[in-house]
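Letter by letter, the chains look like this.
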Amino acid sequence: MNDSGIIDLYWNRDESAISLTAEKYGNYCKKIARNILCDEQDAEECVNSTYLKVWKKIPPEKPNVFYAFLARITRNTAIDIYRKNKRRSADLSLIFEELSGCVSDNETPERTVENREILKAVNDFLSSQPKRNRQLFVSRYCCCETVKELALRFGMTESGVSVSLCRIRKKLKERLKKEGFEI
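A brief structural summary.

Our next topic: the pattern of salt bridges. This model, assessed by the stated rule, comprises 11 salt bridges. Ionic pairing is found between Glu61 and Arg72, a salt bridge with its closest N-O pair at 3.9 Å. Taken together, the positions of Glu61 in the loop between helix H3 (40-57) and helix H4 (66-85) and Arg72 in helix H4 put the pair 11 residues apart, joining distant regions of the chain. Among the residues examined, Arg72 registers a relative accessible area of 32% and is labelled partly exposed. Within the structure, one salt-bridge network assembled from shared partners comprises Lys30, Arg34, Glu40 and Glu44.

Here Ile58 and Pro59 are connected by a cis peptide whose omega angle stands at -20 degrees. Mapped onto the elements of the fold, Pro59 is located in the loop between H3 and H4. Omega for the bond connecting Pro59 with Pro60 falls within 30 degrees of zero, at 15 degrees, which places this linkage in the cis form. As for its placement among the helices and strands, Pro60 is situated in the loop between H3 and H4. Residue Arg13 is not a glycine yet carries a positive backbone phi of 60 degrees.

Moving on, we get to H3. Across its 18 residues, H3 extends 25 Å between first and last C-alpha, which sits within 8% of the 26 Å expected from 1.5 Å per residue. Of the positions making up H3, those classed as buried are Asp42, Ala43, Cys46, Val47, Thr50, Tyr51, Val54 and Trp55. Close packing links the buried residues of H3 with helix H1 (3-11), helix H2 (16-37) and H4. In this structure Asp39 caps H3, since a side-chain oxygen of it lies 3.1 Å from the backbone nitrogen of Gln41.

Reading the values: rules and limits
Residues numbered from 1 in each chain as written. Predicted model: local features only at pLDDT ≥ 70, side-chain atom pairs only at ≥ 80, totals over all residues. Heavy atoms only, no water. Salt bridge = Lys/Arg side-chain N within 4 Å of Asp/Glu carboxyl O. Helix = DSSP H or I, 4+ residues; strand = E, 2+ residues; numbered from the N terminus. Buried < 20%, exposed > 50% of the residue type's maximum accessible area, 1.4 Å probe, protein only. Expected span 1.5 Å × (residues − 1). Contact = heavy atoms within 4.5 Å. Polar contact = N/O pair within 3.5 Å; in protein donor to acceptor, adjacent residues only side chain to side chain.

Below is the structure:
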């Protein structure tokens, strides 16, 4: 079944939507969770929580890109579990450190509004990048894949992946500065 059909099932409160989501995207969600949590049991818990959260969010939300919607919920749920467990199961600190030069962490109501604007600017930036750069960036910073995994998947050296990510972050930082965001 296609994604719009699955979303329609959620809207109609048909519980088969969950099993179809699991069938089509279960491995995808589990990979994201496993990359963050590095624990099979925690990853399972995360994916099950993701399905429940999706059930609660649709309706009223109607996602345009279902797999991205699932990825966001899975990633955020995994990070919550990670924080709850207070263990260093993945090198998230390295991932966040890599991005720290592009965004700051001063949370205020004004900053919340600015975060939405930054998100739009980042999306605009990524859409202007070559496909491989977009895939590298999203795989690393949204799906928390390791540099080693990216190197294997993209047929690059680990050093090449690191350099590419560094260049992408530098371009992003320049773009955000140019658009008036404080970095």
